[in-house]
Amino acid sequence: MPARIFDDIAVCGLRGRYTLERVRASADPRMELEKREGEIEVGERRQMEVFIDAGEWVRIVGIPDAVVDNLVVEFTITRQDIRHIIPRAVVYAYMCMSGGEGCATLIAPTTPGEEVGYLVVPNGRFLEYLSQELGKVIRGEADGRRNPFCPSCLYRNICPYSM
């Protein structure tokens, strides 16, 4: 399952359910490492994985923008409100841990005028919370909710809470 599912779950449980259905319908859920034009290059890019107990063991796969020693760097164009990126940043930090050494994720904005980055240090209780939320999505218990993202949600026509 791609690590980006945590972005969708943070926005809306219903959105997470549709992401899960899309992943299950694909023939190969693994992510490919691809180079895009004009992309910032810092450190190395590599596919990482972690197993999370969400009622069943789930393999989470992700390719952060950069890994430099024990620091994962995730670039974003998001302005100010980065709450939906934090769960994935925590998961990336756990993916990066090896040999008992800690790791953190730096969320670095690339938008002009945004000079503040955010350092996300993982917390075991938050990872447990994320695994519970993922478990709800897997079991089909996650529902949509009204929040600032609903007007732009891809599923607003079928989400009962987006009207």
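Scroll up to find the structure this text is about.
Let me begin by describing the structure that accompanies this report.

1. A look at the overall build of the protein chain
Point 1. Along the protein chain, the regular secondary structure elements total four helices and six strands.
Point 2. Along the protein chain, helices and strands appear, N-terminal first, in the series α-α-β-β-β-β-α-β-β-α.
Point 3. Looking at the protein chain as a whole, 44% of its 163 residues qualify as buried.
Point 4. Put simply, 62% of the contacts in the protein chain that link residues at least 6 apart link residues at least 24 apart.
Point 5. A total accessible area of about 9400 Å² is found for the protein chain, and carbon and sulfur atoms account for 52% of it.

2. Topic: the nonpolar core
Side chains of nonpolar character tend, in soluble globular proteins, to be buried together.
Point 1. Within the largest apolar cluster, 30 residues are counted, with the highest numbers of intra-cluster contacts made by F6, I60, V91, M95 and L134.
Point 2. Taken together, the elements giving at least two residues each to this core come down to α1 (5-11), β1 (48-53), β2 (57-62), α3 (86-96) and α4 (124-139).
Point 3. Looking at which element gives the most residues to this core, the answer is α3, with six residues.
Point 4. In this structure I60 touches M1, P2, A3, F6, M48, E49, V50, I52, V91, M95 and L134, once residues within four positions along its chain are discounted.

So, how was this worked out
- The numbers attached to residues start from 1 for each chain and follow its sequence in the written order.
- Predicted model: local features are reported for residues with pLDDT of at least 70 only, side-chain atom pairs are reported and counted for 80 or more only, and whole-chain, interface and lining totals are derived from all residues.
- Based on all heavy atoms of the structure, the side-chain values leave hydrogens and waters out of the count.
- To qualify as a helix, a DSSP run of H or I must reach at least 4 residues; to qualify as a strand, a run of E must reach at least 2; elements of each kind are numbered from the N terminus.
- Residue burial is assigned from relative accessible area. The probe radius is 1.4 Å, only protein chains are included, and a residue is buried under 20% of its type maximum, exposed over 50%, and partly exposed in between.
- We call two residues contacting when some pair of their heavy atoms lies within 4.5 Å.
- We get accessible surface area from the Shrake-Rupley algorithm with a probe of 1.4 Å; when it comes to residues, only the shown protein chains can shield them.
- By nonpolar core we mean a set of buried residues, namely Ala, Val, Leu, Ile, Met, Phe, Trp, Tyr and Cys, connected to one another through side-chain atoms within 4.5 Å.

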